[in-house]
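Listed below are the residues making up each chain.
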Amino acid sequence: MSTAGAPPAWAACDPYAAALRSGRGPLFLRHTDGRLLPLEVERWCAGADAVDRAVLARCEGAVLDVGCGPGRLVAELAGQGRTVLGVDVSEAAVTRTITVGGQALRRSVFGPLPGEGRWGTVLLMDGNIGIGGDPGALLHRMGRLLCPGGLLMTETDPADLDERAEVRVVRHGRETVGEPFPWARIGTPALLRIADRAGWRTAAQWTAGARRFVALRTPSPRSTSSSAEPPKSTAVISSQRPR
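What counts and what doesn't
- Numbers given for residues are sequential positions, taken from 1 along each chain in its written order.
- Given that this is a predicted model, residues contribute local features only at a pLDDT of at least 70 and side-chain atom pairs are listed and counted only at 80 or more, while totals for whole chains, interfaces and linings are drawn from all residues.
- Working from all heavy atoms in the structure, the side-chain values ignore hydrogens and water.
- A run of H or I in DSSP counts as a helix once it spans at least four residues, and a run of E counts as a strand once it spans at least two, with each numbered from the N terminus.
- Classification of residues uses two cut-offs on accessible area relative to the type maximum, computed with a 1.4 Å probe and protein chains only: under 20% is buried, over 50% is exposed, and between them is partly exposed.
- Contacts were defined at the residue level, with two residues in contact if any of their heavy atoms lie within 4.5 Å.
- Arc definition: directions from the helix axis to the C-beta atoms.
- Each polar contact in these results corresponds to two N or O atoms within 3.5 Å; when the atoms are within protein, one needs to be able to donate a hydrogen and the other to accept it, and residues that are neighboring in sequence are counted only if both atoms are side-chain atoms.
- Two aromatic rings, drawn from Phe, Tyr or Trp (for Trp, its six-membered ring), form a pair once their centres lie within 6.5 Å of each other, and the interplanar angle then sorts them: stacked below 30 degrees, edge-to-face above 60, tilted otherwise.
- pLDDT measures how confident the predictor is about each residue, on a scale from 0 to 100.
- Axis lines are fitted to C-alpha atoms, over the contacting stretch for helices. Their N-to-C directions set the angle, which ranges from 0 to 180 degrees.
- Each angle gets one of four labels, with under 35 degrees taken as roughly parallel, over 145 as roughly antiparallel, 65 to 115 as roughly perpendicular, and the rest as oblique.
- Left-handed describes a crossing whose near helix is turned anticlockwise from the far helix through less than a right angle; right-handed describes the clockwise counterpart.
- Any residue that is not Ala, Val, Leu, Ile, Met, Phe, Trp, Tyr, Cys, Pro, Asp, Glu, Lys or Arg is counted as polar, Gly included; the first ten are nonpolar and the last four charged.
- Side-chain atoms within 4.5 Å link the members of a nonpolar core, which is a set of buried Ala, Val, Leu, Ile, Met, Phe, Trp, Tyr and Cys residues.

A. Molecular detail of the overall build of the chain. Scanning the chain from N- to C-terminus turns up 7 helices and 12 strands. The buried share of the chain, reckoned over its 243 residues, is 52%. Restricting the contact set of the chain to residue pairs at least 6 apart, pairs at least 24 apart contribute 64%.

Laid out in C-alpha cells, this is it:
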C-alpha cells in the first residue's frame, strides 16, 4: 500500500469482492516464494465471535477499525451503541459493513481520515498489522490517529516471526489476480520490539485459542488506568512461545 493513499492492487480484485459478497472462500495471499496464506473469509463475514467480543470489551472511547473488511466488528460495536467507524480500501468491504449495520468509509489509512488525533481506540485486527508491509510505519500512522494515551488493539501472528514480502491475491490456490503489493506478518515479540523503540507502552498481551493480541498505548503526559488489562479469570497472558 502506498503512503500516498492509493488503494493496493488487491482492493480492485474481483475475487476478493466476490468473496466478501458471498461470504465464502477459498482465497489466499501468495508469497513470491510460492507459499500460500489462507484468508479467513468465512470468519470475517460471520458475526463477531466470543474472542472478538472480548477484544471489543477492552476498547475505550470512539473506535476506528482500520481495514474493517466486511464489518463484523463495526457492526458489533454499533449494536452496543458505541461510536465506531470502519475504513477499508475495498468498496465491497465498505458496502457490506454498511449493510450489516455499521458505518464505513472507503479510504486508505495513509490518507486523510476523520477525527485524526481524537480516536480513543484503533483496531488492527485479522492480520491488518501487515497493511503496507512496514509495521513500524503503520504504528507511526496509528499514533497520529489516536488521542494522547489512546489505545491500539492489534492481532499478531501466532508464530514468532517478522516477515515482509510482496504478495498477490490467489483464488483456489492457483489463479493469481492483480499486481503484487507489500504485506507483513509479525508475531508478538517482534511487534513489541518495534513498539518499544517507537515509545509505545504495552498495556496487555494475551492469547485466546489460536489467536494472539497486543494492546499498546500511546505516550501520555498523564498516567491512565488501562481497561485493556484483562481480568485474570478471562484471559491468558502470553508467556510462552506460540506453537
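B. How the structure looks around helix α6 (residues 135–145). Among the residues of α6, Pro135, Leu138, Leu139, Arg141, Met142 and Leu145 are the ones counted as buried. Along the axis of α6, the buried positions cluster into a sector of 160°, meaning they face one direction only. Of the exposed residues in α6, those oriented more than 90 degrees away from the buried face are His140 and Arg144. Between the side-chain oxygen at the start of α6 and the backbone nitrogen of glycine 136 there is a gap of 3.1 Å, and the oxygen is on aspartate 134.

C. Local environment of the packing of aromatic side chains. Evaluated as defined, the whole model comprises 2 aromatic pairs. Seen in terms of ring centroids, phenylalanine 181 and tryptophan 183 are 6.3 Å apart; in terms of plane orientation they differ by 85°. Their pairing is edge-to-face. Accessibility assignment for this pair places phenylalanine 181 and tryptophan 183 in one class, buried.

D. Up close: the confidence of the model for the chain. Within the chain, residue pLDDT values average 86, and 82% of them lie at 70 or more. Here residues 222–227 scores under 50 on pLDDT; set against residues more than four positions off or in separate chains, the count is 11 contacts. Scored below 50 in pLDDT, residues 229–243 makes 25 contacts in the model with residues more than four places away or belonging to other chains.

E. Quick peek at the packing of α6 against helix α7 (residues 188–197). Contact geometry for α6 and α7: axes closest at 10 Å, N-to-C directions at 55°. The angle between the axes of α6 and α7 places the two elements in the oblique class. Viewed along their axes, α6 and α7 form a crossing whose handedness is right-handed. Two secondary-structure elements touch here, α6 through Pro135, Gly136 and Leu139 and α7 through Leu191, Ile194 and Ala195. Partitioned by chemical class, the residues of the contact of α6 with α7 number 5 nonpolar, 1 polar and no charged.

F. Main features of unusual backbone geometry. The peptide bond linking glycine 25 to proline 26 adopts the cis configuration, its omega dihedral lying at 0°. Position of proline 26 among the secondary structure elements: in the loop between α1 (14–22) and β1 (27–31). Backbone geometry places aspartate 126, a non-glycine residue, at a positive phi of 55°. Along the chain, the position of aspartate 126 falls in the loop between β6 (119–124) and α6.

G. Highlighting the side chain of arginine 211. Take arginine 211: it is sitting in strand β11 (residues 211–217). Relative accessible area serves as the criterion here: at 11%, arginine 211 is assigned to the buried category. At a separation of 2.9 Å, a polar atom in the side chain of arginine 211 contacts the side chain of glutamate 155. Setting aside residues up to four positions removed in sequence, arginine 211 forms contacts with Arg43, Asp49, Val51, Asp52, Arg72, Met125, Asp126, Glu155 and Trp206.

H. Summary view of the environment of methionine 153. By the secondary structure assignment, methionine 153 is in strand β7 (residues 146–156). The spatial distance from the C-alpha of methionine 153 to the C-alpha of phenylalanine 213 is 7.3 Å, given a sequence separation of 60 residues. If near-sequence neighbours (up to four positions away) are discounted, methionine 153 is found in contact with Val55, Arg58, Thr121, Val122, Leu123, Leu124, Trp206, Val214 and Ala215.

I. Main features of the nonpolar core. Core analysis: the biggest nonpolar cluster contains 43 residues, and Leu64, Val66, Val109, Val122, Leu139, Met142 and Leu152 have the highest contact counts within it. Valine 122 has contacts with Leu64, Val66, Met142, Leu145, Leu146, Leu151, Leu152 and Met153, leaving out every residue within four places of it along the chain.

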